[in-house]
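Results of the structural survey
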Protein chains: 2
Amino acid sequence: MQYNFSDRISSLKPSAIREIFKVLLNPEVISFAGGNPAPETFPAQPMAEIAAELFEKNYKSSLQYGITEGLPSLRELTSSRLKSKYSVGGPGDDLIIVTGGQQGIDLTAKVFVNEGDAVICESPSFIGALNAFRSYGANLVPVPVDNDGMDMDALEHALKTVPNVKLIYVIPTFQNPSGVTMSLERRHKLLELADKYDVVILEDNPYIELRYSGQYVPPVKSMDERGRVVYVGSYSKIISPGMRVGFVCAPAEITAKIVVAKQVADVHTNQFFMMLVSGLLERFNLDEHIELSRKIYVEKRDAMLAAMQRSFGNKVSWHVPDGGLFIWANLPEGMDGAALCNLAKDRKVAAVPGSAFLCDQNAVSNGFRLNFSMPSLDAIDRGIKIFGECIKEYVG
Amino acid sequence: MQYNFSDRISSLKPSAIREIFKVLLNPEVISFAGGNPAPETFPAQPMAEIAAELFEKNYKSSLQYGITEGLPSLRELTSSRLKSKYSVGGPGDDLIIVTGGQQGIDLTAKVFVNEGDAVICESPSFIGALNAFRSYGANLVPVPVDNDGMDMDALEHALKTVPNVKLIYVIPTFQNPSGVTMSLERRHKLLELADKYDVVILEDNPYIELRYSGQYVPPVKSMDERGRVVYVGSYSKIISPGMRVGFVCAPAEITAKIVVAKQVADVHTNQFFMMLVSGLLERFNLDEHIELSRKIYVEKRDAMLAAMQRSFGNKVSWHVPDGGLFIWANLPEGMDGAALCNLAKDRKVAAVPGSAFLCDQNAVSNGFRLNFSMPSLDAIDRGIKIFGECIKEYVG
C-alpha cells in the first residue's frame, strides 16, 4: 500500500552521522566521523559493583516502572553538582532526568515550537538538534559562528526580522561541530537580546566537563536571572552514552510541560541506570574520573593537531578547540568538504562533511569535522596522513 | 516571564495514572491503580549474571553509543520469536527496538498524524496512547468496546463520516483498561475495513503472553497481508518495565520513518539493556519464566474476582478478563466512577476512574479499573473489602 506520512516526517532525512555508524561496522575503517567518547574512559568496574548490588538488593525497584521526572536521588545529586560546580539552577528552577541530552532537546522543541515557528541556530550546529527542530516543522534560521561563538549582530538582525522565533539554540562551550567556545561578553549579550526580544534560550552543554586548555567560561544558564534559559546536560560524555541518561534544568513551569511530553514519549528513563548513576555520584569520585578522561583526550587532540600540521598542507585551516571531542577544518573557499570526505571514505577513513551541520540541507560547505576522542593515537596518525593525501589530491 | 508554549502541549494534561504513582509513594496506600507487573516475576538472577559478564567482557560496546534501529542480535531474536510463536512479521516487514512500547506508539503517531488528523480509538483505551495522539494535535474519535472488542458497525460509521482518519488504534488482546479480547471475527472485519477505507492499524499488544484462560486469538498483524498493521510489543510485562525495551514490527517503509523519528527522540534505546535482553533470549528459558509469571497472575486475578464477589454487592458488574493485568467494573448507569475512586483514596485504596480512559477528557464514566498484578494477595483481600464499603456508601 501507499503510506500517507505526516508532513513533518516527510521532510526529514536520516542523519548523515547516524548513517555513518553503519559504515563503521567495517572494522578496517578509521573513523573520525562519530561523536563517541573513548571506551577506555567508561568506569566499568565501579558500575559493575553498583549494578551487582542493585540486582541483589534492589531489583524490585530497579527493574520496576519509575516516575517520569526521574529518580529523586539522581535529580538531587545532579542538581547539587550542577549548582556547586557551575552555578546552574536557581530558586525557580527544577531538574528532571531525560533519556540522553537528545531527548531534552527534542522535548524542549515539542513544548515550544508550533509548525512554522522559527528556531535560531548556530551555523554550523549539531545535526541531531537541527533534525529534532525539523521534526516539529520548525523554520531553522542560521546565525554564523566565528572564533568567539555566535555572531551577535547577525543574531539581533534575525530576532528583528524573522517572525515567531521561539527558541535560540546554542552549544556555547566547545561547540559541535566547530569546537568554538562563546566568549563571556557574547553570553551576556545573548541573554540581553533574548530579554529584549522575549525568546527562550536552549543551552546544550554536553562537553562542559571536557576542557583541556583555555579559561573557564560559565554557562549562559548561570547568568540567567529571568528564567529564560533551558539547560540540557548529559552523563554521556563523562560516564557512558549507551545508557542514555541526561538532564534538563529549567524554570519549573517549563520542566512541568517537558514532563507531560516525556510521559507520552517513553514514560521514564531507564530506572536501573538512573539508580546506577545515582550510586556512582554518591560513592565514586566522578571528578577524579573526569580528570583522567581529560588526560586521555588532550593527548588525542594534540596528536591530531600535530598530524594535521604535518599532513594537511597550508591551504587548509582549522580551529584549535579548548575542549570537547571535535576539530573543525576548512578547505579553501568554494571547495566542497563533502567531495573530500568521499575521497577519504574510499580510502577507508571517515569524517563528516560540513554541509551536514547546516540549516539548509542542500547547501555546500568547505568545512569538515574530525573526531579525536574515539580513534586510537595510532589510528589518528595513520588516518590523518591518508586524509592529507586526499587533500593533496582534491585541493592540489 | 510568561512562556509561550506550543498549542499541542498546552492542551495536554498530566496523565492521571502517572500522577497516581506519586500517591503510591505513601507505603500505607493499597494500590489497584498502576499497571506494574509483580516484582516477584522479575528474572533478577539471570539478568545479574548476564550484566556481570557485559561489564567484564563487553563494557566497551555495552556502554557505548549504538545504532538507532537497535542491537542487531536483539532484533533478530525478537523477530524470530514473534514469527514462530505468533506468526507476526512477513517478508515486507522489519523489526526495530524502541524505548518501551510507549515510544512505539508515540513515534507511530509522529510519523503519520498531521495536526487535525483523526485517530480512531477504542473507548475506553490506554491513556498513554491517547495522550501521545493528543500531543501531535490528533482528533481522537472514540468507538465503543463490548465483550467482543471494538464495535465494528460503529467503526465503519466513523470511517465513513470522519475526515482524515490516519490510524485505528487497538489493543485487541486483554485490552487496557477493559480487559476485553477482540474476537477473531472482528479482527478479520477490522482488517477488511482498514483495507476498504485505506487506513493503517496500530496494534498495541503488550499483554499477549499473559493469558490465564480462554482460547488463543492470533494478533491482527498475523493476518495482515497488505502491510496495513504496525505492531507494537514490549518486554515490560514479561521481563522488566524499568529497563524500557519494546519493539515495533511493521512494513519496512514505515519502520524506516520511525527510525528517522527515533534518531531525534533519543538516538537509540539503552544499549546495555538491549544486550542484556539479547543474552536472556539466547540463554534463558523465557517461555518457562512466563509460565511461572502466569501462575502468579492467575492466582491474583482469581483472588480479586472472588473478593469482588464477596464485597461489591449486586449493583456493580464486571468483565472477567482472560489475561492481562486489569479488571474493569461498572457502577450502575449514571453514577460516577471518579466519585467512588475519591472515596476509596481517602481510605488509602487507589484505583483509576474510567473517565481517565476516554477520548473526551471532560466526560464522566460509571466505570473504574482495578489492577491485580502488583498488590499482594493479602492487599487484594483488604483493599477490595474497603472498596466494597465505599461502594455501599456511594451506591447504597
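Everything numeric here is computed off the predicted structure, so don't read it as measured data. Here, residues in each chain are numbered from 1, in the same order as that chain's written sequence. Each chain is given a letter, starting from A, and each ligand a number, starting from 1, according to the order in which they appear as written. Side-chain atom pairs in this predicted model are given and counted only at pLDDT of 80 or more, local residue features only at pLDDT of at least 70, and totals for whole chains, interfaces and linings cover all residues. Excluded from the side-chain calculation are hydrogens and water; included are all heavy atoms of the structure.

Looking now at the overall build of chain A. Tallying secondary structure elements over chain A gives 14 helices and 14 strands in all. Throughout, radius of gyration means the C-alpha value; the globule benchmark is 2.2 Å times the number of residues raised to the power 0.38. Taking 396 residues into account, the globule formula puts the C-alpha radius of gyration at 21 Å, and chain A, at 21 Å, falls close to it. Expressed as lengths along the three principal axes of its C-alpha atoms, the size of chain A is roughly 60 × 55 × 50 Å. Looking at chain A as a whole, 65% of its 396 residues qualify as buried. Residues are treated as being in contact if the distance between any of their heavy atoms lies within 4.5 Å. In chain A, of all internal contacts separated by at least 6 residues, the share reaching a separation of at least 24 is 76%. Of note, chain A has its 40 positive side-chain charges centred 3 Å away from the centre of its 46 negative side-chain charges. Each helix is a run of H or I in the DSSP string that is no shorter than four residues. Each strand is a run of E no shorter than two, and both are numbered from the N terminus. The buried label applies to any residue whose accessible area, calculated with a 1.4 Å probe on protein chains only, is under 20% of its type's maximum; exposed applies above 50%, and partly exposed to all values in between. We count Lys and Arg on the positive side and Asp and Glu on the negative side, and we leave His and both chain ends out. A single reference atom marks each charge: NZ on Lys, CZ on Arg, CG on Asp, CD on Glu.

Residue and element names in this part refer to chain B. Strands are labelled as partners when DSSP assigns at least two bridges between them. Here 4 strands make up an open sheet; going across it, the order is β10-β11-β14-β13 and the pairing antiparallel. The open sheet is flanked by β10 (317–318) and β13 (352–353), the only strands paired with a single partner. Summarising the sheet, β13 and strand β14 (residues 367–371) pair through 2 bridges and their orientation is antiparallel. Note that in β14 the partner of Pro353 across the bridge is Phe368. Each axis is a line fitted through C-alpha atoms, and for a helix only the stretch in contact is used; angles between axes span 0 to 180 degrees, taken between their N-to-C directions. Along the sheet face, helix α12 (residues 286–311) touches β10, β11 (326–330) and β14 and points at about 20° away from the line of β11.

Quick look at the sheet that holds strand β5 (residues 149–150) of chain A now. Residue and element names in this part refer to chain A. As summarised here, the arrangement of the 8 strands in space is β2-β9-β8-β7-β6-β3-β4-β5, forming an open sheet in which the pairing is mixed. If you trace the sheet from one side to the other, it starts and ends with β2 (93–98) and β5, each paired once. Running at roughly 155° to strand β8 (residues 229–234), helix α6 (residues 101–112) makes contact with β2, β6 (165–170), β7 (200–204), β8 and β9 (246–251) of the sheet.

On the side of chain B, 84 residues touch chain A, which itself brings 84 residues to the contact. Buried area is calculated as the accessible area (1.4 Å probe) missing from two parts once they are joined, with the contributions of both summed. Of the roughly 7300 Å² buried where chain A meets chain B, counting both sides, 60% is carbon and sulfur surface. With a closest N to O distance of 3.7 Å, A:Lys110 and B:Asp106 form a salt bridge. For the side of chain A that touches chain B, the secondary structure elements donating two or more residues are α1 (7–10), α2 (16–23), α3 (44–57), α4 (59–62), α6, α7 (127–134), α10 (252–266) and α11 (271–283) of chain A. Of all the elements, α10(A) adds the most residues to the side of chain A that touches chain B, at 9 residues. All residues other than Ala, Val, Leu, Ile, Met, Phe, Trp, Tyr, Cys, Pro, Asp, Glu, Lys and Arg, Gly among them, are scored as polar; the first ten of these are nonpolar and the last four charged. Classifying every residue of the side of chain A that touches chain B gives 39 nonpolar, 25 polar and 20 charged. Between Lys or Arg on one side and Asp or Glu on the other, a salt bridge is scored when a side-chain nitrogen of the former is within 4 Å of a carboxyl oxygen of the latter.

What follows deals with the environment of B:Asp302. All names here are of chain B. As for its placement among the helices and strands, Asp302 is situated in helix α12. Under the relative-accessibility criterion, Asp302 is labelled partly exposed at 36%. Along the primary structure Asp302 and Lys345 are separated by 43 residues, whereas in three dimensions their C-alpha atoms are 23 Å apart.

A word on the pattern of salt bridges. Residue and element names in this part refer to chain A. Using the criterion set out here, one finds 51 salt bridges over all chains in the structure. One salt bridge connects Glu115 with Arg8, and the closest N-O pair in it is separated by 4.0 Å. Placement of Glu115 in the loop between α6 and β3 (118–123) and of Arg8 in helix α1 is noted, with a sequence separation of 107 residues between them. Since its relative accessible area comes to 2%, Arg8 is described here as buried. Connected via shared salt-bridge partners are Arg81, Lys85, Glu209 and Asp287.

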